[in-house]
Amino acid sequence: MAFSKRKKKYMEDDEIIVIDNVTKSYQAGVPALSEVNIRIKKGEFVFIVGDSGSGKSTLIKLLLRELTPTDGGIYVLNYNLNKIRHRKIPKFRRNIGVVFQDFRLLKDRNVYENVAFAQRIIQVPGKQIRKNVPAILATVGLAGKYKAKPNRLSGGEQQRVAIARALVNKPAILLADEPTGNLDPRNSMEIMRLLEEINEAGTTVIMVTHNRDIVNAMQKRVITLHRGVVVSDQERGVYVDED
Ligand code: ADP
Ligand code: MG
């Protein structure tokens, strides 16, 4: 296949994401991202930090192929996202779980249904769903809550449901865009412990955050964006103030 050559060229075997000199402009003026280079290895835990408007969510959307770069290349798993065919995008996205600040649960469905839904859309057999959903709910600490509607849960519990939904299809990568943004410090730390466990079980985790206490406590790789430019990329980093 032509692509295996490409993969050799752009990506090492132990890498899962390569962002190669990416610029993204929405309109004339300062680009949302400028000449960004990031290489992420399988199994890494990476924080993306930076002020509001620095390009963090744009980066997440590029990785999901919701956006395409204005210039540069993006490689995720075995996919060259600049070349991927439209009909292959859903299959590509099955490799990636996503969690947002505002949870995005189905309000009229209970916890079980919210998670099972993610399996139904990829046509997992019912018998398998009935096995997988309770297992993942136990992993996120919600074994006893599967009949509850989201509005009966705390923010921390709702985010656990969203994480279970993101993980039930066993993605290689979890993208989390400010997942603790609506949570108090105690719930935030519990979510962080859960994300760390998920990472230790083998999932590559990329988390966007504003929360310096979390970043400083976790001692993971920290990539800082400022006005669309990577201004630092540190192993076991700390939150750097840019202003
Ligand atoms: P962050 O997530 O770090 O707050 P974003 O990636 O959302 O930053 O935004 C980066 C820049 O791109 C900002 O200047 C923002 O206003 C701009 N931007 C984001 N989305 C759009 C869009 N859909 N159209 C035009 N400009 C956008
Ligand atoms: Mg954002």
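Above this text sits the structure in question.
Predicted, not measured: the structure shown is a model, and the values here were computed from it. (Residues numbered from 1 in each chain as written. Chains lettered and ligands numbered in written order. Predicted model: local features only at pLDDT ≥ 70, side-chain atom pairs only at ≥ 80, totals over all residues. Heavy atoms only, no water.)

Student: I tried to follow the site of ligand 1 on my own but got confused; where do I start?
Tutor: Inspection of the region around ligand 1 gives Tyr26, Gln27, Ala32, Asp51, Ser52, Gly53, Ser54, Gly55, Lys56, Ser57 and Thr58 as its neighbouring residues. Contact distances for ligand 1 include 3.1 Å between an oxygen atom and a backbone N or O atom of glycine 55. Within the side chain of threonine 58, a nitrogen or oxygen atom sits 2.5 Å from an oxygen atom of ligand 1. Alone, ligand 1 offers 560 Å² of accessible surface; in the complex the protein occludes 57% of this. Of the residues belonging to the shell around ligand 1, the class tally is two nonpolar, seven polar and two charged. (Near = heavy atom within 4 Å. Polar contact = N/O pair within 3.5 Å; in protein donor to acceptor, adjacent residues only side chain to side chain. Areas by Shrake-Rupley, 256 points an atom, 1.4 Å probe, with all protein chains shown as cover. Nonpolar A, V, L, I, M, F, W, Y, C, P; charged D, E, K, R; others polar.)

Student: Help me out: how do you make sense of the packing of aromatic side chains in this one?
Tutor: Geometry of an aromatic ring pair is reported as the spacing of the ring centres plus the angle between the planes. Evaluated as defined, the whole model comprises four aromatic pairs. Seen in terms of ring centroids, tyrosine 10 and tyrosine 75 are 4.5 Å apart; in terms of plane orientation they differ by 15°. Their pairing is stacked. With a gap of 65 residues between them, tyrosine 10 in helix α1 (residues 2-10) and tyrosine 75 in strand β4 (residues 71-76) connect regions that are remote in the sequence. Its relative accessible area of 21% is what places tyrosine 10 among the partly exposed residues. A relative accessible area of 7% places tyrosine 75 in the buried class. (Phe/Tyr/Trp six-rings, centres within 6.5 Å; stacked < 30°, edge-to-face > 60°. Helix = DSSP H or I, 4+ residues; strand = E, 2+ residues; numbered from the N terminus. Buried < 20%, exposed > 50% of the residue type's maximum accessible area, 1.4 Å probe, protein only.)

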